[in-house]
There are 2 protein chains.
Amino acid sequence: MDYFDNNKKTFLAKLDKSKKGEVDQRILPLINSLNAKSDFYTTSSCSGRVYLWKGKGKKNEMIWLRTSHDLIKEDFFQIKEKGQVWLRLEDFILHIACRNLETANLLLERVRKLYKKSCILSASNKILVEIRGSEFVEMPLYEDGKLLFNGSFSWLKKEINSRLKSIWKKEKELGKIIK
Amino acid sequence: MDYFDNNKKTFLAKLDKSKKGEVDQRILPLINSLNAKSDFYTTSSCSGRVYLWKGKGKKNEMIWLRTSHDLIKEDFFQIKEKGQVWLRLEDFILHIACRNLETANLLLERVRKLYKKSCILSASNKILVEIRGSEFVEMPLYEDGKLLFNGSFSWLKKEINSRLKSIWKKEKELGKIIK
């Protein structure tokens, strides 16, 4: 068992202990089929999400008010909060540790057809590939309780849900490519 | 002169001929100091921009209605168009060809302090590093001529301009790191 195999074993054992159930069910088949391959293991993932946030927009300075990893209903937008509340939608993202640069390049070449913005996050100690989509929404929704969106919540819900659906559709195609 | 030097020479000569004046002036000092180093050359860049678009949101299916690489005024938002018009702000992005993986890793390590989402786009034939910020806005602004934003244009302008300023501030810091 070499260095990579050892890291993989340790990482997956830890994940199994602490995070089981936390991994997004929608992405689980994809993760499982990657982890079944000897040259790869996944280190983090999100299958797409939508949330309301306030604060400064930086990861450690923002407050998440409400999150959904599923299709939303109109009441998702109804919230009473001081300050600015923003609505954000983030696309699928997946990090995959690879045995070496060669396997990383092969993986990258394959997934680029679907996810053009995929890349190698780290190529020194750990070889880490990032697969990510480029769908996003970032819009101001409230200012001190005043609604800043002038359309109907039904329209906005449809818009968000349609993007979520297209994110998940692409994930399924990725699953086929990776198998 | 090896393979990399040759590519660099050809690329920069072509750039000099066809694109001079098209490169964003704000980013020029950064590009020049990178191109002065023997291990790197820049292949594409944008120092941040804001635009109105309609269409399907994919690069080849969207119509750019209006773009600014500078601070905007309130009239930037005033437009008469059928269909959905979206407002988008994109952060700084820079692609740098590197002599080899070692120089790419060194560059990446250095710029990661400022731009966490930087990565290696390609590590097979050409070694290409992408430096990019993570500031963005993507909001629906009009639906068939009806304004979907309920706040004041003055507020929205301030919000967009403040993000542009913070994008440019960070670019200046990058300039110092890279020198």
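Residues numbered from 1 in each chain as written. Chains lettered and ligands numbered in written order. Predicted model: local features only at pLDDT ≥ 70, side-chain atom pairs only at ≥ 80, totals over all residues.

## Some points on the overall build of chain A
And then number 1: The helix and strand inventory of chain A stands at 4 helices and 9 strands.
And then number 2: Taken along the three principal axes of its C-alpha coordinates, chain A extends 60 × 30 × 30 Å.
And then number 3: Burial statistics for chain A: of 179 residues in total, 28% are counted as buried.
And then number 4: Counting contacts in chain A only where the partners sit at least 6 residues apart, residues at least 24 apart contribute 64% of the total. (Helix = DSSP H or I, 4+ residues; strand = E, 2+ residues; numbered from the N terminus. Buried ≥ 20, exposed ≤ 12 C-beta atoms within 10 Å, placed from the backbone. Contact = placed C-beta atoms within 7 Å.)

## Here we look at the packing of helix 2 (residues 28–35) of chain A against helix 4 (residues 153–178) of chain A
Residue and element names in this part refer to chain A.
And then number 1: Relative orientation of the contacting elements helix 2 and helix 4 amounts to 20°, with a least axis distance of 10 Å. Considering their axes alone, helix 2 and helix 4 lie roughly parallel with respect to each other. At the point where helix 2 passes helix 4, the crossing takes the left-handed sense. Residues P29, L30, S33 and L34 of helix 2 pack against E171, L174, G175 and I178 of helix 4.
And then number 2: Of the residues assigned to the contact of helix 2 with helix 4, the class counts are 5 nonpolar, 2 polar and 1 charged. (Axes fitted to C-alpha atoms, helices over the stretch in contact; angles between N-to-C directions. Parallel < 35°, antiparallel > 145°, perpendicular 65-115°, else oblique. Left-handed = near helix turned anticlockwise from the far one by under 90°. Nonpolar A, V, L, I, M, F, W, Y, C, P; charged D, E, K, R; others polar.)

## Focus on the relation of the copies chain B and chain A
And then number 1: It takes a turn of 180° to lay chain B on chain A, together with a shift of 0.0 Å along the axis; the resulting RMSD is 0.0 Å. In the structure described here, the two chain copies are related by an operation that fits a two-fold rotation axis. (Least-squares fit on C-alpha atoms with pLDDT ≥ 70 in both.)

## A short note on unusual backbone geometry
And then number 1: If you check the backbone angles, A:D144 has positive phi at about 45° while not being a glycine.
And then number 2: Among the secondary structure elements, A:D144 is positioned in the loop between strand 8 (136–143) and strand 9 (146–147).

## A closer look at the confidence of the model for chain A
And then number 1: Taken over all residues, the pLDDT of chain A has a mean of 91, while the share at 70 or more is 94%.
And then number 2: Overall fold confidence for the complex sits at a pTM of 0.91, while the interface term, ipTM, reaches 0.89. (pLDDT = per-residue confidence, 0-100.)

## Some words on the nonpolar core
And then number 1: Counting residues in each nonpolar core, the largest one holds 47 residues, and the members touching the most others are A:I120, A:V129 and B:I120.
And then number 2: Once you skip the residues sitting within four places of it in the chain, A:V129 turns out to touch A:I96, A:C98, A:A104, A:L107, A:L108, A:S118 and A:I120.
And then number 3: Membership of the second largest hydrophobic core comes to 28 residues, among which are A:F149, B:W86, B:L141 and B:Y142. (Core = buried A, V, L, I, M, F, W, Y, C linked by C-beta atoms within 7 Å.)

## Some points on the interface of chain B and chain A
And then number 1: Listed as interface residues are 20 residues of chain B and, on the opposing side, 20 residues of chain A.
And then number 2: Looking at the side of chain B that touches chain A, the elements with two or more residues in it are helix 3 (101–111), strand 6 (119–123) and strand 8 (136–143) of chain B.
And then number 3: Top element by residues in the side of chain B that touches chain A is strand 8 of chain B. It accounts for 6 residues.
And then number 4: Residues of the side of chain B that touches chain A, tallied by class, amount to 12 nonpolar, 4 polar and 4 charged.

## Let's talk about the environment of A:S47
Residue and element names in this part refer to chain A.
And then number 1: Locating S47 in the fold gives a position in the loop between strand 1 (40–46) and strand 2 (49–55).
And then number 2: Classification of S47 as buried rests on a count of 21 C-beta atoms within 10 Å.
And then number 3: Taking the C-alpha atoms as reference, S47 lies 7.8 Å from I167; in sequence the two are 120 residues apart.
And then number 4: Those residues in contact with S47, other than ones at most four positions away along the chain, are D24, R26, I27, H69, F92, W168 and E171.

## Observations concerning the environment of B:G83
Residue and element names in this part refer to chain B.
And then number 1: Within the secondary structure, G83 is located in the loop between strand 3 (62–68) and strand 4 (84–90).
And then number 2: In this structure G83 comes out as exposed when scored by C-beta crowding, with 11 C-beta atoms within 10 Å.
And then number 3: Expressed as a C-alpha distance, the spacing of G83 and K113, which sit 30 residues apart in the sequence, is 42 Å.
And then number 4: Beyond its immediate sequence surroundings of up to four residues, G83 is in contact with K54 and D144.

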